[in-house]
Amino acid sequence: MVMRRSLGLPIALGVVMIVLLVALTIGWVLVVVAAVQKAEITWPYWTVLAVGSTFFVFLLLGVAIYLVLTIKSINLTQRQSNFIDSVTHELKSPIASMKLCLQTLGRHNIAPEQQAEFHRYMMVDLGRLDNLIDQLLDAARLDQGVADRATEDVDVAELLQKSVDTTTQHYRLPPETIKVHLEPATVRTRPVDLEVVFRNLLDNAVKYAGDAPQVGVDLFRGASGRVKIRISDNGPGIPAPLRRKIFGRFVRLGSELERSKPGTGLGLYIVRTLVRRMHGKITVRGRGSQTGTVFEVDLPAADGLA
């Protein structure tokens, strides 16, 4: 709602200016043509008409460009505001939780079992902070265009299984929550980059899955010989018009004030950027008649078969 209100004024102003310019141009052309016919003078008036029309065309283009740039600027400001809100929340929540745990441990005689529980809570909060810092560092590294280090052949199945195990342990999920089907495949890239891609996609799938999470991970070779990784969930899904938007920087759907899931709006931006650097592509779609989302990563195989 905030974004719609902020965009309403510049859009309305730009449309009004464009309409006025078009009306003025048409009226001016009609007046000049009438003057030419009445005075029976041709080339001076036609020269003025051509010059004036060119001027108005450039002016019209200028107004349209100004409108587009204004909308982009407002959208960027809104995304940055959402990013600041989300990062502030991501920082304050675990810090406040750890502070409460430490105060409780320091002021009361706590049973060993409860102490262990408090320590577990603090480790979860530290993991949340660590993940936030990793995302910020990954985004900064990508934005600064840090030169890629040497690549190597990576066993995708092994790395993907490792990422799945890490995700289930992090969220304390039963192993059967994530159903895995892996075929042998190798790509040439930096292992850390591919791990970041898997980590972010799996993290999103688990966070936005349904109340009874069901996540699917499939690795196979496509008809063209390329390596394909599909990660699906049974969450509410992403509306089709917004599926391209979610890969933008700082983009998170909905309002930060009404959001219950942690995040910064950088995860999918990092994923898309890294996949492109691997000469691959990522797509998102629904699950047909079922609720949920499917992310598919398409990468060139290390053996180059196509």
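Residues numbered from 1 in each chain as written. Predicted model: local features only at pLDDT ≥ 70, side-chain atom pairs only at ≥ 80, totals over all residues. Heavy atoms only, no water.

Draft legend 1. Region of interest: the overall build of the protein. Looking only at helices and strands, the protein features six helices and seven strands. Secondary structure elements in the protein, listed N-terminal to C-terminal, are α-α-α-β-α-β-β-α-β-β-α-β-β. The contacts of the protein with a sequence gap of at least 6 include a subset with a gap of at least 24, amounting to 71%. (Helix = DSSP H or I, 4+ residues; strand = E, 2+ residues; numbered from the N terminus. Contact = heavy atoms within 4.5 Å.)

Draft legend 2. Broad picture of unusual backbone geometry. Unusually for a residue other than glycine, R172 sits at a positive phi of about 55 degrees. With respect to the helices and strands, the residue R172 is situated in the loop between helix 4 (156-170) and strand 2 (178-182). By relative accessible area, which is 55% here, R172 ends up exposed. Although it is not a glycine, H279 adopts a positive phi angle of roughly 65 degrees. Its place among the elements puts H279 in the loop between helix 6 (267-277) and strand 6 (281-287). (Buried < 20%, exposed > 50% of the residue type's maximum accessible area, 1.4 Å probe, protein only.)

Draft legend 3. Layout of the sheet that holds strand 6. Ordered in space as 2-4-5-7-6, the five strands form an open sheet in which the pairing is mixed. Only two strands of the sheet have a single neighbouring strand rather than two, namely strand 2 and strand 6. Taken over all neighbouring pairs, the strand axes of this sheet differ in orientation by 15 degrees on average, direction set aside. In the packing of helix 5 (residues 191-207) onto the sheet, contacts are made with strand 2, strand 4 (215-221), strand 5 (227-233), strand 6 and strand 7 (290-299), and the angle to strand 5 comes to roughly 25 degrees. Relative to strand 6, helix 6 is tilted by about 130 degrees, and along the sheet it contacts strand 6 and strand 7. (Pairing = 2+ DSSP bridges. Axes fitted to C-alpha atoms, helices over the stretch in contact; angles between N-to-C directions.)

Draft legend 4. Structural view of helix 4. Between its first and last C-alpha, helix 4 extends 21 Å over 15 residues, near the 21 Å set by a 1.5 Å rise per residue. V156, A157, L159, L160, S163, V164, T167 and T168 are the residues of helix 4 that are buried. In this structure, the buried residues of helix 4 make contact with strand 1 (152-155), strand 2, strand 3 (186-189), helix 5, strand 4 and strand 5. Where helix 4 starts, the residue carrying a side-chain oxygen 3.2 Å from the main-chain nitrogen of A157 turns out to be D155. Remark: R172 follows helix 4 within two positions and exhibits a positive phi of approximately 55 degrees. (Expected span 1.5 Å × (residues − 1). Polar contact = N/O pair within 3.5 Å; in protein donor to acceptor, adjacent residues only side chain to side chain.)

Draft legend 5. Spotlight on the nonpolar core. Counting residues in hydrophobic clusters, the biggest one holds 40 residues, and the most contacted among them are L194, V197, L201, I229 and F295. Among the elements of the structure, helix 4, helix 5, strand 4, strand 5, helix 6, strand 6 and strand 7 are those that each provide at least two residues to this core. When residues of this core are assigned to their parent elements, the largest contribution, eight residues, is made by helix 5. Residues C101, I110, F118 and M122 belong to the second largest nonpolar core, which totals six residues. (Core = buried A, V, L, I, M, F, W, Y, C linked by side-chain atoms within 4.5 Å.)

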